[in-house]
Structures are given as C-alpha cells and as structure tokens.
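Each chain, letter by letter, is given below.
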Amino acid sequence: MSTTTAPYHLMNNYARWPVHLVKGEGNKVWDESGKEYLDFISGIAVTSLGHVPAKVAKKLHEQVDTLWHCSNLFHIPQQEVLAQKLSQVSGLDRALFCNSGAEANEGLIKLARRYAQKVKGTECYEIITFGQSFHGRTLATLTATGQEKVKDGFTPLPEGFVTVPYNDLDAVKQAVNEKTCAILLELVQGEGGVHSAEEPFVKGLRQLCDQHGLLLLIDEVQTGIGRTGTWFAFQQYEILPDAISLAKGLGSGFPIGAILATEEAAQAFSPGTHGTTFGGNPLAMAAGIATVETIEEDGLLSRVNQLNELLVSRLQQLKTAHPEKVVEIRGKGLLLGMKLSIPAAGVLDYAREKGVLVLLAGPQVIRMLPSFVTTEDEIERVVAVLDEALQKG
Ligand SMILES: *Cc1c(COP(=O)(O)O)cnc(C)c1O
C-alpha cells in the first residue's frame with residue numbers, strides 16, 4: 001500500500017495515504033488538488049450520514065451559538081434527550097457519555113469490575129475477550145484487544161484479561177472461573193477482518209453469563225447506530241446484553257462515545273466513581289441527537305438493508321468473475337469485507353487512483369463502510385472499479 005511519513009512536527013504514528021483531504025459533501029471528498037473521491041470508508045464507520053449532513057450541521061450551528069461546554073457539574077438537558085432516545089432504541093436503561101470508542105470500552109471495563117466487586121468481592125475482575133478483536137488503544141483496551149501488534153512495546157499491561165478464540169463457546173466455558181466478571185466482544189469484528197459472531201455462540205454466551213452472574217458486554221463502537229442494518233448488532237441475535245459501548249457513528253463525525261447499560265449493571269457507578277470533563281457536552285449531544293433523529297426520520301435503517309442487498313449481490317458477482325482472487329464476501333449491513341487470496345493493498349491503491357476510497361481489514365481483506373445515503377449508482381461505480389482492479393491485480 002502506498003503510504004507516506006509524517007510531516008516533521010507530527011508524531012509518526014500513522015502510515016498515511018498520499019492524499020490531503022480538504023472538503024467533504026455527501027459521499028464525496030476532495031483533496032488539495034481538487035481531485036474528487038467517492039468515499040466508501042466514511043472516516044472508518046463514522047460519517048454514516050455522509051459528509052456534512054444538513055440536519056446535523058443545522059443543530060450544531062444552533063448549539064455553537066448557544067452553549068459549548070459547562071462540565072458535568074451541571075445538569076445538561078441534551079444528555080437526557082439523547083439518553084432517552086438511545087434507551088428507547090436499545091432497550092437498555094441508562095447512558096453515560098464520553099468522547100471515544102476506547103474511552104467507552106474503558107467505561108465498560110470499569111463498570112464490570114465495580115459491579116462484580118460489589119456483588120462478589122475484589123477477587124472477581126477477569127474479563128474474557130477474543131482473538132482478532134479490537135477494543136482501542138488505551139492500556140486496558142489494547143490489553144483486551146486480541147491482536148499482538150497493538151501491544152508491542154507497552155508492557156507491563158494491566159492484569160485481568162483472558163483471550164480465547166472467537167466463535168468457540170467451549171473455549172469460553174473452559175476460561176470461566178471464580179475470577180471471571182464479564183465477557184467482552186464485537187458481533188462483527190471490524191478491524192480484525194470483518195468476521196461475524198455466530199448466533200448459537202452469542203446465545204450461548206448470554207446463557208453462560210446468566211448461569212455465572214457475569215456481565216455480557218458488547219463493543220458496538222463500529223457496529224452500532226445502524227451500521228449493520230439494525231440500531232445495534234445485538235438486535236440480530238435475540239439477546240439483551242448487560243452493557244454496550246458506542247462511538248464512531250453516533251456523532252456523524254463530532255467526537256462522542258457512550259456506554260448504555262441495564263438498570264442493574266448501571267448501579268455499579270455512583271457519584272465520584274467515573275467521569276470525564278468533556279463527555280456529554282452540549283455540542284456533542286447536539287450532534288448525537290441530530291444523528292439519531294435523522295436515521296429515524298429518513299428511514300435509514302431500511303435503506304442500509306436495501307443497500308446491503310445490492311452491494312452484497314454485486315460483490316458476489318465479482319467473486320464469480322474472479323474465483324481465483326475473491327475468496328469470500330462477509331459482514332453485515334454496510335460493514336462488509338471482501339476476502340482475497342492476493343494482497344488487498346494493490347486493489348486499494350488502484351481504487352484510490354481511480355477516485356474510489358475503500359479500506360483494509362487485515363492484509364487480504366477489502367473493507368467497505370459506505371454511508372447510509374449511498375446511491376445505487378455509487379455502488380455500481382465502486383464495484384466496476386474493484387472489478388478493474390481485480391483484473392489487473
Ligand atoms: C474504532 C474502534 C474502537 C476504538 O475507538 P476509538 O474512538 O478509536 O478509541 C473500539 N472498538 C471497536 C470495535 C472499534 O471499531
């Protein structure tokens with residue numbers, strides 16, 4: 001994949017693509033030279049309503065002229081509005097707002113530990129997580145992450161995390177012991193290759209948690225807020241988790257994170273136990289409320305499912321046309337992966353040259369995260385460019 005090093009005054013922690021983006025509108029973005037791109041990345045599952053969506057922009061403008069920040073010393077009425085909306089669509093009772101996915105998962109980890117320690121005592125703190133998972137870049141969330149590359153050079157890592165193979169219920173059963181307090185997983189592993197959890201596995205985890213008094217924690221940072229065609233991916237498994245984390249798509253690009261929990265689990269946090277200066281500030285709440293309202297008012301969940309059907313059927317046709325190069329089409333909603341037998345970087349570079357932005361999920365998987373306002377024509381264009389790239393690659 002063609003990448004560049006950082007300008008001198010920035011830390012060199014990203015292998016960035018050789019593109020400088022300066023403007024976005026709908027599903028298009030433009031670079032400094034004026035070159036236009038069709039965006040099937042959406043800022044990594046963030047700008048789900050497209051770039052600069054009008055209703056969110058309007059609400060943010062109004063809030064910019066009213067109040068930006070006051071801290072959680074005060075009641076912030078917009079928090080109650082967004083919490084009530086999220087509760088209504090999730091079936092979970094209470095929300096806590098923060099600023100990012102990693103911070104939301106830190107919140108889940110702290111909630112699970114504190115809940116268990118109140119109920120069972122201080123020896124109960126272990127959280128079971130899964131191979132190929134991704135939960136963030138803070139010390140606790142990178143420890144929870146089932147990929148060695150994010151841990152390199154950061155020892156000593158915090159205690160209390162056990163990683164077992166994904167979709168392997170027996171492995172989880174064997175890992176549960178008197179120290180276990182929770183199980184944490186994604187239902188589609190976004191960063192880890194676009195693998196979905198199987199239904200019997202997830203139902204089995206729910207049962208296991210009920211049997212042993214463990215919290216079932218779902219990381220919906222990438223899958224949440226409509227990305228998989230339901231408000232939350234867990235709604236496709238007929239289970240209710242004890243708590244979930246949200247971030248990426250919740251603010252349409254404004255930084256925001258949240259955890260949602262049942263009344264029972266939420267009781268673990270009392271005043272003084274957890275907090276954040278910025279979390280839940282009026283600007284972030286305006287973005288979150290407008291995002292959720294737009295998805296409702298514009299019927300975008302059913303649109304995600306329509307677009308999924310078209311994109312999956314077109315990608316299946318690519319698989320038929322390139323049987324030696326395309327191995328599998330997988331994922332849910334508009335979180336889709338195309339597993340190749342060849343390195344995916346060449347396909348990605350070719351597409352970008354042609355003005356189409358797609359992403360990787362590991363070295364052999366092309367990941368697509370189009371916005372919920374993608375058109376049929378845009379899908380045809382992306383598939384045509386991928387077809388060309390596969391013919392060359
Ligand atoms: C992106 C992501 C995170 C981390 O979110 P940040 O906002 O980058 O901290 C955590 N979990 C999942 C599943 C993600 O996709």
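Here the residue numbering is sequential within each chain, running from 1 through the sequence in written order. The model is predicted, so local features are restricted to residues of pLDDT at least 70 and side-chain atom pairs to those at 80 or more, both for listing and for counting; the totals for chains, interfaces and linings are taken over all residues. Neither water nor hydrogens contribute to the side-chain values; these are computed over all heavy atoms in the structure.

- Going by the annotation in an unreviewed UniProt entry, the name recorded for the protein chain is Acetylornithine aminotransferase, with Brevibacillus ruminantium given as the source organism.
- UniProt positions are given in the numbering used here, feature names are shortened, and annotations may be inferred rather than shown by experiment. Quoted verbatim from the Sequence similarities (unreviewed entry) field of UniProt, the annotation for the protein chain is "Belongs to the class-III pyridoxal-phosphate-dependent aminotransferase family. ArgD subfamily."
- Looking at the protein chain in UniProt, the text filed under Catalytic activity (unreviewed entry) is "N(2)-acetyl-L-ornithine + 2-oxoglutarate = N-acetyl-L-glutamate 5-semialdehyde + L-glutamate".

### Concerning the pairing of strand E6 (residues 161-164)
Item 1. Pairing between strands requires that DSSP locate at least two bridges from one strand to the other. Per the convention used, a helix needs a DSSP run of H or I reaching at least four residues, while a strand needs a run of E reaching at least two, with both numbered from the N terminus. Note: strand E5 (residues 126-130) against E6, four bridges, orientation parallel. Looking at E6, one finds that Ile 128 is bridged to Val 162.
Item 2. Whether a crossover is right-handed depends on one test, that the path from the first strand over the helix to the second runs clockwise when the strands point away from the viewer. Note on the crossover from E5 through helix H5 (residues 139-144) to E6: the handedness is right-handed.

### Description of the UniProt feature "binding site: pyridoxal 5'-phosphate" (unreviewed entry) in the protein chain
Item 1. UniProt feature "binding site: pyridoxal 5'-phosphate" (unreviewed entry): in the numbering of this structure it lies at Gly 101, Ala 102, Phe 134, Asp 219, Glu 220, Val 221, Gln 222 and Thr 277. Spatial dispersion of the annotated residues is evident: they stretch over 177 residues in sequence, and the largest pairwise C-alpha distance comes to 25.4 Å.
Item 2. Here Phe 134 shows up in the loop between E5 and H5.
Item 3. Looking at Phe 134, the relative accessible area reads 18%, which means it is buried.
Item 4. A contact between two residues is defined here by any heavy atoms of the two lying within 4.5 Å. Aside from chain neighbours lying at most four places away, what touches Phe 134 is Thr 145, Gln 147, Val 150, Glu 186, Glu 191 and Asp 219. Each residue is assigned to one of three classes by its accessible area relative to the maximum for its type, calculated with a 1.4 Å probe on protein chains only: buried under 20%, partly exposed between the two thresholds, exposed over 50%.

### Quick look at the UniProt feature "binding site: N(2)-acetyl-L-ornithine" (unreviewed entry) in the protein chain
Item 1. Feature annotation in UniProt places "binding site: N(2)-acetyl-L-ornithine" (unreviewed entry) on Arg 137 and Thr 276, given in this structure's numbering.
Item 2. Sequence-distant contacts of Arg 137, defined by excluding residues within four places in its chain, comprise Ala 102, Leu 142 and Val 150.
Item 3. By the element assignment, Thr 276 lies in the loop between helix H8 (263-266) and helix H9 (282-297).
Item 4. When neighbours within four sequence positions are excluded, Thr 276 is seen to be in contact with Asn 72, Phe 97, Cys 98, Asn 99 and Glu 103.

### With respect to the packing of aromatic side chains
Item 1. Geometry of aromatic contacts follows a simple scheme: Phe, Tyr and Trp rings, the Trp one being its six-membered ring, pair when their centres are within 6.5 Å, and the pair is stacked under 30 degrees between planes, edge-to-face over 60, tilted otherwise. Evaluation of the coordinates by the stated rule reveals four aromatic pairs.
Item 2. Ring centres of Phe 130 and Tyr 166 lie 6.1 Å apart, and the angle between their planes is 65°; on these two criteria the pair is classed as edge-to-face. Remark: Tyr 166 occurs in the loop between E6 and helix H6 (169-175) and Phe 130 occurs in strand E5; sequence separation between them is 36 residues.
Item 3. Judged by relative accessible area, which is 15%, Tyr 166 ranks as buried.

### So, the environment of Leu 139
Item 1. Mapped onto the elements, Leu 139 comes out in helix H5.
Item 2. Residue class for Leu 139 comes out partly exposed when judged on its relative accessible area of 45%.
Item 3. When the C-alpha positions of Leu 139 and Lys 173 are compared, they lie 26 Å apart, and in sequence the two are 34 residues distant.
Item 4. With residues up to four places along the chain from it excluded, the contact list for Leu 139 reads Glu 106, Phe 154, Leu 157 and Pro 158.

### What to know about the sheet that holds strand E11 (residues 243-246)
Item 1. Pairing is mixed across the open sheet formed by seven strands, whose spatial order is E4-E12-E11-E10-E7-E5-E6. Strand pairing shows two members of the sheet lacking a second neighbour, strand E4 (94-98) and E6, which therefore form its edges. When the angles between neighbouring strand axes are averaged without regard to direction, this sheet yields 20°.
Item 2. Taken together, the three bridges between strand E10 (residues 215-219) and E11 define a ladder with parallel strand orientation. Across the sheet, Asp 219 pairs through a bridge with Ser 245, a residue of E11.
Item 3. Between N-to-C directions, angles span 0 to 180 degrees; the directions come from axes that are lines fitted to C-alpha atoms, helices contributing only their stretch in contact. Running over the sheet, helix H3 (residues 77-90) touches E4, E11 and strand E12 (257-261) and is turned about 125° from E4.
Item 4. Taken strand by strand, helix H7 (residues 199-212) contacts E5, strand E7 (180-185) and E10, and its axis lies near 160° from that of E7.

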